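Residue strings, one per chain:
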Amino acid sequence: MTWYRFAVVRYGALHSVMTIAAWLALASCSDNGQHADAVFDGGGSADHDYVRLGDLIPGGGAAGGRDTANPVAGDAAAIADGRQLFDWYNCSGCHAGGGGGMGPPLMDTTWIYGSRPSNIHHSIVSGRPNGMPSFGAHIPDHQVWQLVSFIQSLGGTPDEGDANDRPDRRD
Amino acid sequence: MRRCAAIPIAVALAGAALEASGQTHSVLDPASAQARELALLSWWMFGIGAVVLIGVTALLLIAITRARADTPAHVPTYERRRNLVIVGGVLLPLVTAGALLVWTIVLGPQSSAAAAPADALDVEIVAHRWWWEIHYLNDGGQRIATVANELHVPVGRAVRVQLKSEDVIHSFWVPNLHGKTDMIPGRTTTSWFTVEREGEFSGRCAEFCGVQHAAMGFLVVAQTPAAFTAWLERQAASAREPGDELARRGMQVFSEHACVMCHTIRGTTAQATVAPDLTHVASRRTLAAGRLPNNGGTLAAWILDPQQIKPGALMPPTRLGTDDMNALLHYLGGLE
Amino acid sequence: MNEALTPAWRHEVWPHSTAPRSAWRGGAWRAVPLWASALAIALAIAGAARAQSHEAAAQSPPDDGQWTMPAKNHENTRYSGLDDINTDNAARLRLAWTFSTGVLRGHEAAPLVVGDTMYVVTPFPNTLYAIDLSREGALKWRYTPEPNAESQGLACCDVVNRGAAYSDGRIFYNTLDNHTVAVDADSGEEIWKTKLGDIRHGETMTMAPLVVKGKVLVGNSGGELGVRGWISALDAADGRLAWRAYSTGPDEDVLIGASFRPFYAADREANLGVTTWPPDAWRIGGGAVWGWISYDAALDLIYYGTSNPAPWNADQRPGDNKWTAALFARRPDTGEAIWAYQWNPHDAHDYDGTNENVVVELELEGRPRKVLLHPDRNGFMYVHDAATGEVLSARPFVHTNTIRTVDLESGRPELVEAKLPKQGQTVRNICPSAPGGKDWQPSAFSPRTGLLYLAHNNLCMDFEAMRANYIAGTPYLGAKVKQLAGPGGHRGAFTAWDPIAAKPAWSHPEKFPAWSGALVTAGDVVFYGTLDRWFKALDARTGKTLWQFRVGSGIIGQPMTYRGPDGKQYVAILSGVGGWAGAIVAGDLDPRDGTGALGMVNATRDLPDHTPKGGALYVFALP
């Protein structure tokens, strides 16, 4: 990416060079139109490449599957960002301020599809069968985690994170 | 992931250089009747102030040079001193400052929106962090066109702007055209101006509003009434349909990614309102609220990683492969 | 003529809400322009001619003890001519049999009875049950349309269904995922299934169809998701789309053509469905047709209303926003609009125009006049001339502070500026609240008493408006709302409204919003149900409670009555709390967040203490 940004900076004199440089830079990117799905981007063998919903594991053995941690856990700013995105992306239209409406509540301790950060992340990205839309590539991964942080801060999951001490509420 | 600070600085300088080249941004180069009056007042204030400064400095110099050790002290009488203080310290300032005060007070209502002529063009501007949402209104207050970051006005016709803010306090300022008017959330403030000559004038936000306050600029383009009408008609129309396969693919890329969550392209299902209206994005001279010139390369850079250009801006990076980016740029480039 | 309909009646009894002068249109009816009278007469003649070629099967039947459509008849009176159950013996009503639907969401449908069979439509998954009345409620068959489960995420106000309609051997109803189905009434076989909308645009369907002259009339839901509202007519024989009229957009889409004669001059300009909106906002402007449709055979007009405009935040859509929150009169054969009237121009309070328009004939100023009785969400009871749409009277039937009065000259409501929500501010104590003085719960009219019986609300709200972001398939609101009890502290009431005196005859406060339909019979008994599990029978004239029965779960359904195979009169009601008013129970919502369920949670926090979820049919009869 270095060539490319450099070319952007030198716009004033090198418009065409910048454009060409941009294309070269893009062409040199390794992926060709595949956007990485953060939930399934490698890590671990294929046998364990699933998101575990709960604890009911047959055979009584150890837990398998992946339980991705929230990369912005403990970040109060992420909770604030998540609150804004929660309104912007219309989550509040169905889930209100966490109490629910068209969608189930997110602030209580009942979780249909699991309460771990990875489960909430999965719900947002993949959608759920009874009406949760699949946001997929429409919400960038870091923003999904910010939403997860905000949802956790509502109090319905074991880990609430560090709440923003200046909530932007009007009433 | 802190990058070298030199690069954003260089970008800022490049942006500043871009803005400085070919565009005026000066209070002292008025292009509207209102700005002319303000400039005149400013010059008079400057002139009077200069005269006072020169006069006082001259008196000081005289006092310093006249006081020689070998001359007897010439102490003015009490009356002389008193009169000097009263005239020079009270009456003279009262008269000059009073005149300026009266002039300012008289000027105030004349430039407030209530004084705008009835046939003024009404424009509603909503400030966001860190871009400008602009709606053109018809006589009945109905919105007829929505654009972003670039305000076109007809020369010779009064333009009344209704100023609102979506989030924090911003301020609307086009130095060549008028003074600053704050945009306060929950209120509507108004201002008006009549541009007297064609040209492009840059404006910016004049009230600190967050991390990218310095990059919250916009462009005012003054055109002949005929050119303005043609431009407005085009902006009021829905987006052009994609003309070829590549553009159709580009439209698909637009709807498959985060774009539709925030942007509007009228005539498609993308009708989101939290980011600039892109229906005619290719017709604009700049991107990112005056930060970048508008062409394929800068647009690609902006889409891929806005945070490198405007750190803290509310648009997230969008990772696209070459083919997708190519198609998307082709589609957006057709939205004139 | 019944005495109750001929009081010492002058034009003063139809006053304007506040004006001391007699401003009632009827008092000035002599001044009605000649052309309007001529038009009315011409329409009546034309209507009478049409009525004769009218298919007998689709005509509202004289009371044969059946119940073939949710509103009983095309005029939507919900009045039954059966009088076995009357004010003397209603106290002895007892439970005859019950039937469990197997679903635990809000049950809003009206059971149908055709011959010996009862038909019940459940909330999602919209199963249709056929119950054999001649074998003591045995299940005959069931039909499962298997609607797309994702549509559950788009239902603003619970996954309800308002029922089916019977015509010519077929049962017609809508599924949540935008299909209209026709099922053979004897065998339960699916005859046709037509897809009409797209969940990706936020559309669903919850309303009960109306069958008129071989056409199945249906409309979409989704005013809270920025859909573009429409009404469609399907051919009853094969389910093909005969015509569709949108609620917004250019005249050709709204089927406004040469025949369009709105009563008020301001409604006559061309393409108001576009010009009263910001650019392209009408494409996502709401106006869904999720409520009741009525029909008058003599005038050959269908009447229905459109939902709120989208988004709820009105500052985003300056303009009158036609034709949302409006009443349309159309020809059922072609869909062409004959007249229209907008109850709430530029609606800012979610005052949908989808409530019923009951077609009745009233004796006004000494002569019979065909009118529409319409209790609107904005809390005013409207009386319209059925032929022209003229507003004859508009008086509040609940406490209101959003509209000062309805100007009968221009037809426009005079809005109270202080109660208009503004973006970025919270406006408090707006009455009535978003569900209105009355929401979908349909009223009943008795020609014997001359009264309109309505179960309704007594709610106010605090409303914070903010920018709404449109993302197809998600809510498009821009509002945070908290609802509260209205003056008096009771959140609902059941009222008997005298349309000529334009005031209530009697009214019963209810603890919770009274969210069920109403039924009135020739025995002068009126039935309705409450959210706290009571099914009640009242004396239609005096309002005295004759009988009540505690059912398993709150009632939001539509009561009906029929004559069973054994000759006895039965009354049936579905119980199963939910809908908008019962959302806190049906959706297991968290009471801590008052903004839940579009603000309803704040007003119904105690509802879970009064009713659990449920889903059952109750049938009552005399011993």
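As a starting point, this report considers the structure included with it. Remember, predicted model here, so these are calculated numbers, not experimental data.

Before going further, it helps to examine the overall build of chain A. Across its full length, chain A carries six helices and zero strands. In chain A, the succession of helices and strands from N to C terminus is α-α-α-α-α-α. Out of the 171 residues belonging to chain A, those deemed buried represent 44%. Restricting to contacts in chain A with at least 6 residues of sequence separation, those with at least 24 account for 55%. Split by element, the accessible area of chain A, about 8,900 Å² in all, is 55% carbon and sulfur.

Bringing the interface of chain C and chain B into the picture now. The interface of chain C with chain B comprises 20 residues on the first partner and 20 residues on the second. Both sides together, the interface formed by chain C and chain B hides about 1,600 Å², and carbon and sulfur atoms give 45% of it. Sorting the residues of chain C by area buried against chain B places Pro279, Asp280 and Arg467 of chain C first, and these three jointly supply 38% of that buried surface. In this structure, the connection of chain C to chain B is made through two salt bridges. For the salt bridge of Arg467 of chain C with Glu133 of chain B, the shortest nitrogen-to-oxygen distance reads 2.8 Å. Taken together, the residues of the side of chain C that touches chain B break down into eight nonpolar, eight polar and four charged.

With that settled, the discussion passes to helix H5 (residues 117–126) of chain A. Residue and element names in this part refer to chain A. H5 sits mainly inside the fold: nine of its 10 residues count as buried. Next to the buried residues of H5 lie helix H6 (141–156). Just beyond H5, the residue with positive phi is Gly127, at close to 80°.

Bringing the pattern of salt bridges into the picture now. Residues and elements named next belong to chain C. Applying the stated criterion to the full structure yields 45 salt bridges over all chains. The shortest N-O distance in the salt bridge between Arg283 and Asp280 comes to 3.5 Å. Of the charged contacts in the structure, one is a salt bridge between Arg377 and Asp350, with a shortest N-O distance of 3.0 Å. Placement of Arg377 in the loop between strand S20 (367–375) and strand S21 (380–385) and of Asp350 in the loop between strand S18 (337–342) and strand S19 (358–364) is noted, with a sequence separation of 27 residues between them. On the basis of relative accessibility, which here comes to 1%, the residue Arg377 falls in the buried class. Using a relative accessible area of 3% as the deciding quantity, one classes Asp350 as buried. Residues joined in a network through salt bridges with shared partners are Asp267, Asp320, Lys322 and Arg412.

The next thing to look at is unusual backbone geometry. Residues and elements named next belong to chain C. Here Phe124 and Pro125 are connected by a cis peptide whose omega angle stands at 20°. Pro432 follows Cys431 through a cis peptide bond whose omega is -5°. Tracing the chain through its elements places Pro432 in the loop between strand S25 (426–430) and strand S26 (444–446). For Arg78, which is not a glycine, the phi torsion comes out positive at approximately 55°.

A few words on the packing of aromatic side chains. Remark: the centre distance and the inter-plane angle together describe each pair of aromatic rings, the angle taken between the planes. Applying the stated criterion across every chain yields a total of 37 aromatic pairs over all chains. On the numbers, 4.9 Å between centres and 75° between planes, the contact of Phe263 of chain C with Tyr264 of chain C is edge-to-face. Residue Phe263 of chain C shares its accessibility class with Tyr264 of chain C, and that shared class is buried. Joined through ring pairs, the aromatic side chains of Phe527, Phe535, Trp547, Phe549, Tyr618 and Phe620 of chain C make up one cluster. Its end group placed over the ring of Trp130 of chain B, Arg129 of chain B keeps NZ or CZ at 5.6 Å from the ring centre. The ring of Trp323 of chain C is capped by Lys322 of chain C, whose NZ or CZ atom sits 5.8 Å from the centre of that ring.

Residue and element names in this part refer to chain C. Counting 50 residues, the largest nonpolar core has Met118, Phe527, Tyr562 and Leu617 as its most contacted members. For this core, the element with the highest residue contribution is strand S38 (residues 616–621), accounting for six residues. Among residues more than four places away in sequence, those in contact with Leu617 are Trp97, Thr98, Phe99, Pro111, Met118, Val120, Ile131, Ala572, Ile573 and Leu574.

Side chains on a regular strand alternate between the two faces of the sheet. All names here are of chain C. For S18, the tally of buried residues reaches six of six residues, placing the bulk of the element in the interior. In the sheet, strand S17 (residues 326–330) pairs with S18 via five bridges, with the strands oriented antiparallel. Pairing of Leu327 across the sheet is with Tyr341, part of S18. Between S17 and the antiparallel strand that follows it, S18, lie six residues; Gly335 among them carries a positive phi value of about 80°.

Our next topic: the interface of chain A and chain C. You'll often see interface size given as the accessible area lost when the parts meet. Listed as interface residues are 24 residues of chain A and, on the opposing side, 27 residues of chain C. Summed over both partners, the interface of chain A with chain C comes to about 2,000 Å²; 53% of that surface belongs to carbon and sulfur atoms. Run the count over chain A and chain C and you get one salt bridge. Close ionic contact of Lys480 of chain C with Asp87 of chain A constitutes a salt bridge, the shortest N to O distance being 3.2 Å. Where chain A packs against chain C, one counts 12 residue pairs in polar contact (both at pLDDT 80 or more). At the level of elements, helix H3 (76–88) and helix H4 (91–95) of chain A are the ones that each hand at least two residues to the side of chain A that touches chain C. With three residues, the single largest contributor to the side of chain A that touches chain C is H4 of chain A. Taken together, the residues that form the side of chain A that touches chain C break down as nine nonpolar, 11 polar and four charged.

Quick notes on the rules
Residues numbered from 1 in each chain as written. Chains lettered and ligands numbered in written order. Predicted model: local features only at pLDDT ≥ 70, side-chain atom pairs only at ≥ 80, totals over all residues. Heavy atoms only, no water. Helix = DSSP H or I, 4+ residues; strand = E, 2+ residues; numbered from the N terminus. Buried < 20%, exposed > 50% of the residue type's maximum accessible area, 1.4 Å probe, protein only. Contact = heavy atoms within 4.5 Å. Areas by Shrake-Rupley, 256 points an atom, 1.4 Å probe, with all protein chains shown as cover. Buried area = accessible area lost by both parts, 1.4 Å probe. Salt bridge = Lys/Arg side-chain N within 4 Å of Asp/Glu carboxyl O. Nonpolar A, V, L, I, M, F, W, Y, C, P; charged D, E, K, R; others polar. Phe/Tyr/Trp six-rings, centres within 6.5 Å; stacked < 30°, edge-to-face > 60°. Lys NZ or Arg CZ within 6 Å of the ring centre and 35° of its normal. Core = buried A, V, L, I, M, F, W, Y, C linked by side-chain atoms within 4.5 Å. Pairing = 2+ DSSP bridges. Polar contact = N/O pair within 3.5 Å; in protein donor to acceptor, adjacent residues only side chain to side chain.

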